[in-house]
Amino acid sequence: EAGVAQSPRYKIIEKRQSVAFWCNPISGHATLYWYQQILGQGPKLLIQFQNNGVVDDSQLPKDRFSAERLKGVDSTLKIQPAKLEDSAVYLCASSLGRQGFTEAFFGQGTRLTVV
Amino acid sequence: AQTVTQSQPEMSVQEAETVTLSCTYDTSESDYYLFWYKQPPSRQMILVIRQEAYKQQNATENRFSVNFQKAAKSFSLKISDSQLGDAAMYFCAYRSVGNNDMRFGAGTRLTVKP
């Protein structure tokens, strides 16, 4: 079974530039999460999709961050314009999303450095 | 919103010894799931063990076991016979049943000494 795919693995941009991350979840997984993990901290949920609908985006800085999940499969997370404090690892995860005891599977993340 | 607290930023253990990582959480829900994830330097989060809140029996996976105290809202991870490959960041996570919302603690960095 293929895992959660993310690209790129690394990205360096200057502040005020824009950047986009891509995530392909495990086939059949209805729930998709984007997390921001700042160095030395635990992952912070940015947005959660159930199929192509947003379940929770309460911690997404909507003035600069946006995310979409077209057709309930792949997802992109965009930052525009980037700030220095956006430097972090962005993790994508997916789960079956059914009622029941299902775990989330994670991709390897994208390390973003804003200079 | 639910919060997860890991009060030990770093822990170390001698190879072959046992170590316990602590986790507490705050919730008003009666049914939920709890997880321990391991994050090695490669960054990929790997599930270690999971527990359903309605089950009183503590989960066990080989050398890994949990001590789940629902009333105290405590969920600690015990690693027995520690191995060098156990060295990693360990994150405790809480997931709501209703909306699959998943929250993580700040993590504990485990060092295993040979």
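Note that the coordinates shown come from a computational prediction; the quantities given were computed from them, not determined experimentally.

Draft legend 1. Representation of the overall build of chain A within the structure. Secondary structure summary: chain A contains 0 helices and 11 strands in total. Going from the N terminus to the C terminus, chain A shows its helices and strands as β-β-β-β-β-β-β-β-β-β-β. Taking 13 Å as the expected radius of gyration for a compact globule of 115 residues, we find that chain A reaches 13 Å, a close match to that expectation. Along the first, second and third principal axes, the C-alpha atoms of chain A reach 40 × 25 × 25 Å. Buried positions account for 46% of the 115 residues belonging to chain A. Considering only intrachain contacts with a sequence separation of at least 6, the fraction spanning at least 24 residues in chain A is 52%. Counting every atom, chain A has about 5,500 Å² of accessible surface; 50% of that belongs to carbon and sulfur.

Draft legend 2. Highlighting the pattern of salt bridges. Going through the model one piece at a time under the given rule, you end up with 7 salt bridges over all chains. One salt bridge connects A:Glu103 with B:Arg50, and the closest N-O pair in it is separated by 3.8 Å. Linking A:Glu103 in the loop between β9 (88-95) and β10 (105-106) with B:Arg50 in strand β6 (residues 46-52), this pair reaches from one chain into another. For A:Glu103, a relative accessible area of 17% translates into the label buried. Here B:Glu52 ties to B:Lys55 by a salt bridge, and the two come within 3.1 Å at their closest N and O atoms.

Draft legend 3. The arrangement of the packing of aromatic side chains in detail. All names here are of chain A. Applying the stated criterion across every chain yields a total of 15 aromatic pairs over all chains. Centroid distance Phe65 to Tyr90: 6.4 Å. Interplanar angle 40 degrees. Geometry classified as tilted. Of this pair, Phe65 sits in strand β7 (residues 65-68) while Tyr90 sits in strand β9, placing them 25 residues apart in sequence. Since its relative accessible area comes to 4%, Phe65 is described here as buried.

Draft legend 4. Focus on the nonpolar core. Counting residues in hydrophobic clusters, the biggest one holds 25 residues, and the most contacted among them are B:Tyr25, B:Trp36, B:Phe75, B:Leu77 and B:Tyr90. Counting residues per element, the ones that place at least two in this core are β3 (19-21), β5 (32-39), β6, β8 (64-69), β9 (74-79), β10 (88-96) and β12 (108-113) of chain B. For this core, the leading source of residues is β10(B), giving 4 residues. In contact with B:Tyr90, not counting residues within four places along its chain, are B:Gln6, B:Leu21, B:Trp36, B:Tyr37, B:Lys38, B:Val48, B:Phe64, B:Leu77, B:Ile79, B:Gly107, B:Thr108 and B:Leu110. Ranked by size, the runner-up nonpolar core spans 21 residues in total, among them A:Leu32, A:Ile47, A:Ile79 and A:Ala82.

Draft legend 5. The arrangement of the state of the cysteines in detail. Residue and element names in this part refer to chain B. All chains considered together, the criterion is met by 2 disulfides over all chains. Across the disulfide, Cys23 is cross-linked to Cys92 (sulfur-sulfur distance 2.0 Å). Around the S-S axis, the bridge from Cys23 to Cys92 shows a dihedral of about -70 degrees and counts as left-handed. With Cys23 in the loop between β3 and β4 (24-26) and Cys92 in strand β10, this pair connects stretches of sequence that are 69 residues apart. Its relative accessible area of 1% is what places Cys23 among the buried residues. You can call Cys92 buried: its relative accessible area is 1%.

Draft legend 6. Highlighting the interface of chain B and chain A. Contacts between chain B and chain A engage 24 residues on the former and 33 residues on the latter. Buried surface at the junction of chain B and chain A, summed over both partners, amounts to about 2,200 Å²; 44% is from carbon and sulfur atoms. On inspection of chain B and its partner chain A, the count reaches 2 salt bridges. The partner of B:Arg103 in a salt bridge is A:Asp56, with the nearest N and O atoms 2.9 Å apart. Our enumeration of links across chain B and chain A arrives at 6 residue pairs in polar contact (both at pLDDT 80 or more). Contributing elements (two or more residues each) for the side of chain B that touches chain A: β5, β6, β10 and β11 (102-104) of chain B.

Draft legend 7. Looking closely at the environment of B:Cys23. Spatially, the C-alpha atoms of B:Cys23 and B:Met102 are 15 Å apart, while their sequence positions differ by 79 residues. Setting aside chain neighbours within four positions, we find B:Cys23 in contact with B:Val4, B:Thr5, B:Gln6, B:Trp36, B:Lys73, B:Ser74, B:Phe75, B:Ser76 and B:Cys92.

Analysis parameters
- Throughout, residues of each chain are indexed from 1 in the direction in which the sequence is written.
- As a convention, the first chain written is A and the first ligand written is 1, with the rest following in written order.
- Local features in this predicted model are restricted to residues of pLDDT 70 or higher, and side-chain atom pairs are both shown and tallied only at a pLDDT of 80 or more, whereas totals for entire chains, interfaces and linings draw on every residue.
- Excluding hydrogens and water, the side-chain values take into account all heavy atoms of the structure.
- Numbering of helices and strands runs from the N terminus, with a helix taken as a DSSP run of H or I at least four residues long and a strand as a DSSP run of E at least two residues long.
- What the globule rule says is 2.2 Å times the number of residues to the power 0.38, and the radius of gyration is computed from C-alpha atoms.
- Working definition: with a 1.4 Å probe on protein chains only, accessible area under 20% of the residue-type maximum means buried, over 50% means exposed, and in between means partly exposed.
- Working rule for contacts: check all heavy atoms of both residues, and any pair within 4.5 Å makes them a contact.
- Surface accessibility in these figures is a Shrake-Rupley result with a 1.4 Å probe; residues are shielded only by whichever protein chains are displayed.
- Counted as salt bridges are all cases of a side-chain nitrogen of Lys or Arg within 4 Å of a carboxyl oxygen of Asp or Glu.
- To pair, rings of Phe, Tyr and Trp, with the six-membered ring standing in for Trp, must have centres within 6.5 Å; the planes then decide the type, stacked if under 30 degrees apart, edge-to-face if over 60, and tilted in the middle.
- Take the buried residues of types Ala, Val, Leu, Ile, Met, Phe, Trp, Tyr and Cys, join any two whose side-chain atoms come within 4.5 Å, and each joined set is a nonpolar core.
- Defined by distance alone, a disulfide is two cysteine sulfur atoms within 2.5 Å.
- In short, buried area is how much 1.4 Å probe accessible area vanishes from two parts on joining, totalled over both.
- As used in this structure description, the phrase polar contact means that two N or O atoms lie within 3.5 Å; if the pair is within protein, one of them must be able to donate a hydrogen and the other to accept it, and residues adjacent in sequence are counted only when both atoms belong to side chains.

Keep in mind that these numbers describe shape and distance, not what the molecule does.
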